[in-house]
Amino acid sequence: MKMRKRPNVLLTGTPGVGKTTLGKELAQRTGLTYVNIGDLAKDGQLYDGYDEEYQCPILDEDGVVDELDEKMVEGGVIVDYHGCDLFPERWFHIVFVLRTDNTQLYTRLENRGYTGKKLQDNVQCEIFQTIFEEAMEAYSEEIVHQLPSDTPEDLERNLEQLVQWTEQWMKDNN
């Protein structure tokens, strides 16, 4: 029996915009496999040192790509990461950049323990649409979409939209 083709989805955006919440719930509703790049790196020790300024490990981007490549070729993967230009363009059928109101984002990041430069830089990243611009440069414009991610209603609306998109993609490609 021929294996059904399933899409690969990238959820990206500044830390704190809701990628993990959306990704886990989307995986549950669609049967796609959820991969959080931070967890993947931690589990596989895919690091290139430590950033003292931001107080966090530095991702081994090549190691992450090597680790994921086979799974991505099979399809049916939701990738969650706050950057997007490290992944090969061929991996994704659609890219969603989650966006959050700056004041809300500031509060969410503060609640996570972000302070100083790390907090300021992440909020500025959202203000200047850095991740969206990165996505538009890294992927074909027609597959990159912005989604508001401020309220529980936004989350539900985004989930419904992504589930519908996934179902339609599977109908069109199988």
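This is a predicted model, so every value here is computed, not measured.

Each value, and the rule that gives it
- Residues numbered from 1 in each chain as written.
- Predicted model: local features only at pLDDT ≥ 70, side-chain atom pairs only at ≥ 80, totals over all residues.
- Heavy atoms only, no water.
- Salt bridge = Lys/Arg side-chain N within 4 Å of Asp/Glu carboxyl O.
- Helix = DSSP H or I, 4+ residues; strand = E, 2+ residues; numbered from the N terminus.
- Buried < 20%, exposed > 50% of the residue type's maximum accessible area, 1.4 Å probe, protein only.
- UniProt positions renumbered as here; feature names shortened; annotations may be inferred.
- 1 Å grid on protein atoms, 1.4 Å probe; cavity = no way out; pocket = protein on both sides within 12 Å on 5 of 7 lines; lining within 4 Å.
- Contact = heavy atoms within 4.5 Å.
- Phe/Tyr/Trp six-rings, centres within 6.5 Å; stacked < 30°, edge-to-face > 60°.
- Lys NZ or Arg CZ within 6 Å of the ring centre and 35° of its normal.
- Pairing = 2+ DSSP bridges.
- Axes fitted to C-alpha atoms, helices over the stretch in contact; angles between N-to-C directions.
- Core = buried A, V, L, I, M, F, W, Y, C linked by side-chain atoms within 4.5 Å.

A. Up close: the pattern of salt bridges. Applying the stated criterion to the full structure yields 7 salt bridges. A salt bridge links arginine 29 to glutamate 156; the shortest N-O distance between them is 3.0 Å. Taken together, the residues arginine 29 in helix 1 (residues 19–30) and glutamate 156 in helix 7 (residues 152–173) connect sequence positions 127 residues apart. Across the pair glutamate 126 and arginine 99 runs a salt bridge, and its minimum N-O distance is 2.9 Å. Placement of glutamate 126 in helix 5 (residues 116–127) and of arginine 99 in strand 6 (residues 94–99) is noted, with a sequence separation of 27 residues between them. Since its relative accessible area comes to 3%, glutamate 126 is described here as buried. Residue classification places arginine 99 among the buried residues on the basis of a relative accessible area of 18%. In this structure, a network of salt bridges that share partners links the residues Glu25, Arg29 and Glu156.

B. Quick peek at the UniProt feature "binding site: ATP" (unreviewed entry) in the protein chain. Per the UniProt entry, the sites bearing "binding site: ATP" (unreviewed entry) are Gly16, Gly18, Lys19, Thr20, Thr21 and Arg112 in this numbering. When the annotated set is filtered for residues lining the largest pocket, what remains is Gly16, Gly18, Lys19, Thr20, Thr21 and Arg112. Position of glycine 18 among the secondary structure elements: in the loop between strand 1 (9–12) and helix 1. With residues near it in sequence (within four places) discarded, glycine 18 still touches Leu98, Arg108 and Ser149.

C. How the structure looks around the packing of aromatic side chains. Enumeration according to the criterion identifies 5 aromatic pairs in this entry. Note on phenylalanine 87 and phenylalanine 92: the rings are 5.8 Å apart at their centroids and 80° apart in plane angle, and the pair reads as edge-to-face. Linked through ring pairs, Tyr81, Phe87, Trp91, Phe92 and Tyr139 together constitute an aromatic cluster. Stacked on the ring of tyrosine 114, the Lys or Arg lysine 118 has its end atom at 4.6 Å from the ring centre.

D. Inspection of the sheet that holds strand 2 (residues 33–36) at higher detail. The sheet built from 5 strands is open, its strands ordered 2-5-1-6-7 with parallel pairing. Edge strands, defined here as strands with exactly one partner in the open sheet, are strand 2 and strand 7 (144–148). For this sheet, the mean angle separating the axes of adjacent strands, direction not counted, is 20°. Relative to strand 5 (residues 77–80), strand 2 runs parallel, the two being bridged by 4 bridges. Looking across to strand 5, one finds that tyrosine 34 is bridged to isoleucine 78. Sheet strands in contact with helix 1 are strand 1, strand 2, strand 5 and strand 6, and its direction is about 170° off that of strand 5. Relative to strand 7, helix 7 is tilted by about 150°, and along the sheet it contacts strand 1, strand 6 and strand 7.

E. Up close: the nonpolar core. Formed by 28 residues in total, the largest nonpolar core has its most connected members in Ile37, Leu68, Val79, Phe87, Phe92, Val95 and Tyr139. Put simply, the parts of the chain that give this core at least two residues each are helix 2 (37–44), helix 3 (61–74), strand 5, strand 6 and helix 6 (130–138). No other element matches the 4 residues that helix 3 contributes to this core. Not counting the four nearest positions on each side in its chain, phenylalanine 92 is found in contact with Asn8, Val9, Leu10, Met72, Val79, Phe87, Tyr139 and Ile143.

F. Quick look at the pairing of strand 4 (residues 56–59). As paired elements, strand 3 (residues 47–51) and strand 4 share 3 bridges and run antiparallel to each other. Across the sheet, the residue bridging to aspartate 51 is cysteine 56, located in strand 4. In textbook terms, the turn of a hairpin is the stretch between consecutive antiparallel strands, and for strand 3 and strand 4 this stretch comprises 4 residues, one of which, glutamine 55, has a positive phi near 55°.

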